[in-house]
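If you want the building blocks of each chain, they are given just below.
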Amino acid sequence: MKMSDKFTSFIHDIIDQDLKEGINSKKVHTRFPPEPNGYLHIGHAKSICLNFGVALEYKGFCNLRFDDTNPSKEDVEYVESIQEDVKWLGYRWDDRMYYASDYFDKLYQYAVQLIEDDKAYVDDLSPEEIREYRGTLTSPGKESPYRNRSIEENLDLFERMKAGEFPDGSKVLRAKIDMVSGNLNMRDPVLYRIQRANHHRTGNKWCIYPMYDYAHPLSDAIEGITHSICTCEFEDHRPLYDWIIENVRNLNSRPRQIEFARLNLSHTVMSKRKLRQLVEEGYVEGWDDPRMPTISGLRRRGYTPEAIRDFCERIGVAKAVSTVDIALLEHCVRQDLIFKAPRYMAVLRPLKVVIDNFPEDQVEWMDADNNQENPELGTRKMPFSRVIYIEQDDFMEDPPKKFFRLAPGREVRLKHAYIIKCERVVKDENTGEIIELRCTYDPQTRSGMDTSGKKVKGTLHWVSAEQAINAEVRLYDHLFVKDNPEESKDTDFKQNVNPQSLEILKSFVEPAFAEAQPGGRYQFLRQGYFCVDPDSSEEQLVFNRIVSLKDSWAKMQKKK
RNA sequence: UGGGGUAUAGCCAAGCGGUAAGGCAGCGGUCUUUGGAAUCGCCAUCCGCAGGUUCGAAUCCUGCUACCCCAGCCA
């Protein structure tokens, strides 16, 4: 998609058509309807961007509605985190935050109406019996012996269900539709069940609760929703959705359900059940672990709302089952941060370098732009002195041909400073391990000066030892080693957890980081984008790697 | 013996009877005081398969095939 192209999809086509035909007074009103039973993830972000996005594009509205019809699974903890996540993504619902539970009274009245119209009945069959009577995918169901109770008896029984006269599970209210339908959802679906549970909003007022299939279309109609966008697994619920809308009297709006394919992302899992397992079995540290595809995890990792919105736009909306390459998500955040993030220096795996011809107690403050490509981010001073650190990877004692970095006898530029030459390698006598490098610098090559025509192949980042700040750096990688962790039905996805998804380093960062605040995002020059973690304290900065920079050297090495 | 849906490049995805957009990934060049960024170029003679209609088909018709969803008093 060209970035200038207007975002479009089959959903836009449907809306355009409805608008053309003047359906629903030519308004567009959507809703994002999470059940408050877990944390939101990137798949929900797709739905949020779609629903709020469509409303914005058509100058309509999008409601936030909690689908809280099953008190045994839901909790206020989740309604709070969901609001926070939607807000963080950049969407506003103003005063349009609702709960399906707001409509419990109305929903009850509508049910009474259906009974009066002989379209619903109270069934005494047990859950097991209902299942048996439902038939199977390939064989028809049969009608319940209670299906033909009189309207009066149904009315009485339903009222007594509500009054708490019957034990949990002993009776249900069912729609009277068609027990031989090829669509199982139409085989007299349950509308209400008896469940004594404390509801997070209505407390103990109710002991009967409506089912999703009943509550959802009616909630949509009550709110004047015009386009009720959901995922494909609800496609064969649509006839029931429409049946409810058509058979409840006096509804003044006709919402239309439209289905799209849910998001799958490579190298991760998306189902609430699996994410919960990762948390509970200790594969990650919590729902907001930076490796999690949850909104809270991505936020802590350092992803921006802009990047996530851009991602949701780029992946498009369609109905085919698909798995988006996580590289696209990573591309989006690099793209967003490229001009926004100050580019500072951090040496992740330090190697000591002594510059022998630099005066012992001298500190020279170098001018450094904060973002070469965005002058608006200003400049800072970087101390340069006799002892500095460079990256271990930036030195090789016996380098291959294409290695452009430091090696014995070779010269490289230190970004924002001087060109140095490696004169000598100092090793531990016993282990042979490289302890430090002795180098010399060329005073004529200070950054910005005429470098007397001197060209070097490589430019390194560095940190002056004396002024360096200690930091913990958390390097994150894909949570799973396989692009599809659930390769086949008989693989346990946890077998594919990446044992190297987190690497913790003790690093040195330049003094400019002294002012860094939790949530702050930076580019560590030549390495990637990093975000200050809330675990940071006065004593210790903690950084999360959001994403690495593209690295063609690493790629070359990998190919070999 | 059922019902619903989907098939266009490695991954997404436009396309709506006039001769295959775009993005990501990949590959190659230029440039570069980040092996980053930027920039230029390459990357489907072909649209799940087989027939048919048409001057002309990814688009229409017929028949296959593959994959996904559905038998909660979950959503």
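These notes cover the structure that comes with them. Owing to the predicted nature of the structure, the values given are computational and were not obtained by experimental measurement.

What counts and how
Residues numbered from 1 in each chain as written. Chains lettered and ligands numbered in written order. Predicted model: local features only at pLDDT ≥ 70, side-chain atom pairs only at ≥ 80, totals over all residues. Heavy atoms only, no water. Axes fitted to C-alpha atoms, helices over the stretch in contact; angles between N-to-C directions. Helix = DSSP H or I, 4+ residues; strand = E, 2+ residues; numbered from the N terminus. Parallel < 35°, antiparallel > 145°, perpendicular 65-115°, else oblique. Left-handed = near helix turned anticlockwise from the far one by under 90°. Contact = heavy atoms within 4.5 Å. Nonpolar A, V, L, I, M, F, W, Y, C, P; charged D, E, K, R; others polar. Buried < 20%, exposed > 50% of the residue type's maximum accessible area, 1.4 Å probe, protein only. Pairing = 2+ DSSP bridges. Right-handed = clockwise from strand over helix to strand, strands pointing away. Core = buried A, V, L, I, M, F, W, Y, C linked by side-chain atoms within 4.5 Å. Salt bridge = Lys/Arg side-chain N within 4 Å of Asp/Glu carboxyl O.

## Some details on the packing of helix 7 (residues 212-223) against helix 8 (residues 238-247)
Moving on, step 1. Two numbers describe how helix 7 lies on helix 8: the axes approach to 9 Å, and their chain directions differ by 60 degrees. As summarised for this structure, helix 7 and helix 8 are arranged oblique, according to the angle between their axes. Viewed along their axes, helix 7 and helix 8 form a crossing whose handedness is right-handed. Contact residues: D213, Y214, H216, P217, L218, D220 and A221 in helix 7; L240, Y241, I244 and I245 in helix 8.
Moving on, step 2. Residues that form the contact of helix 7 with helix 8 fall into these classes: 8 nonpolar, 1 polar and 2 charged.

## Quick look at the pairing of strand 2 (residues 61-66)
Moving on, step 1. Here strand 2 lies mainly inside the structure; 5 of its 6 residues are buried.
Moving on, step 2. Across 4 bridges, the pairing between strand 1 (residues 29-32) and strand 2 is parallel. Looking at the pairing, T30 lines up with C62 of strand 2.
Moving on, step 3. Once you follow strand 1 into helix 2 (residues 42-57) and on to strand 2, the crossover reads as right-handed.
Moving on, step 4. Bridge count for strand 2 against strand 3 (residues 97-99) is 3 bridges, and the pairing is parallel. Bridge pairing links F66 to Y99 in strand 3.
Moving on, step 5. With helix 3 (residues 76-89) bridging strand 2 and its parallel neighbour strand 3, the resulting β-α-β unit is right-handed.

## Here's the deal with the nonpolar core
Moving on, step 1. Ranked by size, the top nonpolar core spans 40 residues in total, and within it I42, V86, I308 and F311 carry the most contacts.
Moving on, step 2. Those elements giving two or more residues to this core turn out to be helix 2, strand 2, helix 3, helix 10 (295-301), helix 11 (305-315), helix 12 (326-337), strand 26 (528-532) and strand 27 (541-548).
Moving on, step 3. Setting aside chain neighbours within four positions, we find F311 in contact with I42, L263, L265, V324, L328, L329 and C332.
Moving on, step 4. Counting 32 residues, the second-largest nonpolar core is a separate cluster that includes I115, L157, Y214 and L240.

## Some remarks on the pattern of salt bridges
Moving on, step 1. Enumeration according to the criterion identifies 51 salt bridges in this entry.
Moving on, step 2. Between E143 and R147 there is a salt bridge, with its nearest N and O atoms 3.3 Å apart.
Moving on, step 3. Using a relative accessible area of 43% as the deciding quantity, one classes E143 as partly exposed.
Moving on, step 4. Using a relative accessible area of 8% as the deciding quantity, one classes R147 as buried.
Moving on, step 5. Its salt-bridge partner being E510, residue R380 comes within 2.8 Å of it at the nearest N-O pair. With R380 in strand 16 (residues 379-384) and E510 in the loop between strand 24 (502-509) and strand 25 (521-524), this residue pair connects regions lying 130 residues apart in the sequence. This pair shows no difference in class: R380 is buried, exactly as E510 is.
Moving on, step 6. Look at the salt bridges and you will find they share partners, linking D288, R300, E472, R474, K506, D533 and D535 into a network.

## What about the sheet that holds strand 1?
Moving on, step 1. Spatially, the 3 strands line up as an open sheet ordered 1-2-3, and their pairing is parallel. Two strands in the sheet have a free side with no partner beyond their single neighbour: strand 1 and strand 3. Recorded for the sheet is a direction-independent mean angle of 35 degrees between the axes of neighbouring strands.

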